[in-house]
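# Residue-level structural notes
Chain residues, written in single-letter form:
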Amino acid sequence: MTEVLSDLRAFKLATGAHHFASATIEIADRCNEVCVHCYQIQGQKGEMDTAQVCAVIDRLADAGVLWLTLSGGEATLRRDFRDIVAHARSRHFAVRLMSNGLRIDDNLADFLAEQAIASVQISLYAMTPEVHDRTTGVPGSFEKTTAAIRRLRARNIAVDVAMTVMQHNVDDVTPLLAFTAEVGARPSISGHVFAKEDGDRQTEALNLDQDRYARFFADLQSAAEQQSEKKAPEEAPPPAPNPLHGRPCQVAKASVHVEANGEVRACALFNHTFGKVDTGKGPVEVMRESEDAALLGGLTWGHIVGCRVCDLRPHCHRCFANAQDEAGDALAPYASACARALTVYEHQTGALAWESPPGDAPTGPFREVEPGVLARTEDTLSAEDIALRERAPWLRPARNLAAPAGSPAAARAREGFVPATRLARSAGISTNQST
Amino acid sequence: MNAHASDTLPGALLAAVVRPNPRVAFRDIAGQVVVVVPDARKVHQLNPTGSWLWRVLSEEARKAGPAGAPLPELLRSFGAHFGLEAPAAAADVAAFLATLQQEGALEVTPSDALRQAGYAPAGEPGAAEAEVAEVAS
């Protein structure tokens, strides 16, 4: 009667179900670190009180959500943090916590173990204390964070160590992988820094340059290959060809995100609010009743002008939120995704040459002239593409068709300037409009 | 007509109670129950029959309080719902429960009740069929 599955991804694949199986609630709009790369702006949204958070948790349980991630800011800063965790566990959630670990002492670690929390994701940015502390802005944070990881592991709590790789900490990837292996934690490494949630793109300057990204990618590939040698061949993940009918991201389909103030979004990073939980609806109901959410959840590679004709699509891991920040258009190619796809392509083919010089920071679509040789190519807007853009201007805030004629946003969009959401807001264009 | 479970049950099961392990997470997702066992880092997806049984046992255990749901009652409900005679119901259910107990998803009190009665987790050599046949005769 049972089938043992390795993780929830396998469950989704096995059932093919369209179901909101996971949710995140940002329970704290504050943090005790001031990370240089953080996309969040703390202290302006406000926070739901205990009763409101618990009501959201109840709604999520009733809607069939199983995995619940509690995050912030720093979730453990809330005085009612333990009450919230206990309430979620009483509703039989598999609870995951995202934390920086600074407040996870023996007492809190004992509590989390007693509650049988499913896992804790701890942010750790380097194995060099000064580098980590400089990243978090908190002297001594390295010692506290690594101690928290060891405390949790000593209690057999699953720990994911999350590292955002940037220019200043890329040399710490290999030591960090060694640390996670030593303590029995799972590394979760991201090579992308997002713009701040108000559209400020200064944080993106911390991103790896192309050479460093290539080195980082090669290191990760090497580590992954060493890991896969330990597994049976059938356990190796299949390649992701990214077919046209496939979805670039599972956003708005299987998971829902609740901001600290109760706004319902598709994920922490995609800057569009579908509704609010204080209207008497739960987060899943908000998503299910939102035409915008249905539209976002239905977007495939075939909807993304440029990417749909790009021969590097099988190597691409684009993100709607990234595209919105960088290109001002969730439905357009954007430079950092193209750069990374080029790196992956070069790594896999062993060569990368251009039919004609592509210029700096080439952005797709690309055509493979022959293996290892690429050329820029073009795509054209169809009537369906235009209709989609008119129906959902919030997908492309900086190229907003709804931008008032003559407004700075409209002018800059015509010039190809990419101001992202901040400019759109400064021009008086809401990026959070609901249908 | 189904015989009452206690007519044919091994003695070790007559006083046994079961409940979901308080450490697990579970949810009925689109008609199928998914059980997460954090300590084992495993996710179990139950088939429709197993899902039905989990729903009943978790609800009965909730009503019964900390002790858990009486196993004979669970077997009776299962047999009645699926139209099975008690021995067949006992064999199916006991093997299933033994598997979940072994995986850490379920608590059975006394903890060795199923094994004492000859029921082994599915896929493990055991005397379930022989035991049931013996009891039935």
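Here, every reference points to the structure presented above.
So, here is what we can say about the structure in this document. (Residues numbered from 1 in each chain as written. Chains lettered and ligands numbered in written order. Predicted model: local features only at pLDDT ≥ 70, side-chain atom pairs only at ≥ 80, totals over all residues. Heavy atoms only, no water.)

### Considering helix H3 (residues 48-64) of chain B
Residue and element names in this part refer to chain B. This is how the line gets drawn: Labels follow the DSSP assignment, with helices taken as runs of H or I lasting at least four residues and strands as runs of E lasting at least two, numbered in each case from the N terminus. Multiply 1.5 Å by the residue count of a helix minus one, and that product is the helix's expected span. Buried residues are those whose accessible area, probed at 1.4 Å on protein chains only, stays under 20% of the maximum for their type, while exposed residues exceed 50% and partly exposed ones sit between those limits.
For H3, with 17 residues, the first-to-last C-alpha span of 24 Å sits near the 24 Å given by 1.5 Å per residue. Among all positions in H3, only Gly50, Ser51, Trp52, Leu53, Trp54, Val56, Leu57, Ser58 and Ala61 are buried. Looking at the residues trailing H3, positive phi occurs at glycine 65, about 90°.

### Regarding the pairing of strand E4 (residues 94-99) of chain A
Residue and element names in this part refer to chain A. We apply this condition: At least two DSSP bridges between two strands are needed for those strands to be called paired. By definition, the crossover connecting two strands over a helix is right-handed if that path, from the first strand to the second, turns clockwise as seen with the strands pointing away from the viewer.
Bridge count between strand E3 (residues 67-71) and E4: four bridges; the pairing is parallel. Within E4, the residue paired with leucine 70 across the bridge is leucine 97. Following the chain from E3 across helix H3 (residues 81-90) to the adjacent parallel E4, one finds a crossover that is right-handed. In terms of strand pairing, E4 meets strand E5 (residues 119-123) through four bridges, oriented parallel.

### Quick word on the packing of aromatic side chains
Rule in force here: The pairing test for Phe, Tyr and Trp rings, Trp by its six-membered ring, is centres within 6.5 Å, and the orientation test on the planes gives stacked under 30 degrees, edge-to-face over 60, and tilted for anything in between. Consider the ring centre and the ring normal. A charge sits over the ring if Lys NZ or Arg CZ is within 6 Å of that centre and within 35 degrees of that normal.
Under the definition given, this model contains nine aromatic pairs over all chains. Between tyrosine 213 of chain A and phenylalanine 217 of chain A the ring centres are 6.5 Å apart and the planes differ by 25°, which places this aromatic pair in the stacked class. Note that tyrosine 213 of chain A and phenylalanine 217 of chain A are positioned in helix H8 (residues 210-229) at a spacing of four residues, about one turn of the helix. In terms of burial, tyrosine 213 of chain A and phenylalanine 217 of chain A fall into one category: buried. Aromatic side chains phenylalanine 78 of chain B and phenylalanine 82 of chain B sit 4.8 Å apart centroid to centroid with 45° between the ring planes, which places their arrangement in the tilted category. Remark: phenylalanine 82 of chain B and phenylalanine 78 of chain B occur in helix H4 (residues 71-82); sequence separation between them is four residues, near one turn of the helix. Accessibility expressed as a relative area gives 1% for phenylalanine 78 of chain B, which makes it buried. Ring pairing ties together the aromatic residues Tyr213, Phe216 and Phe217 of chain A, which thus form one cluster. The side chain of arginine 27 of chain B reaches across the aromatic face of phenylalanine 93 of chain A, ending 4.4 Å from its centre.

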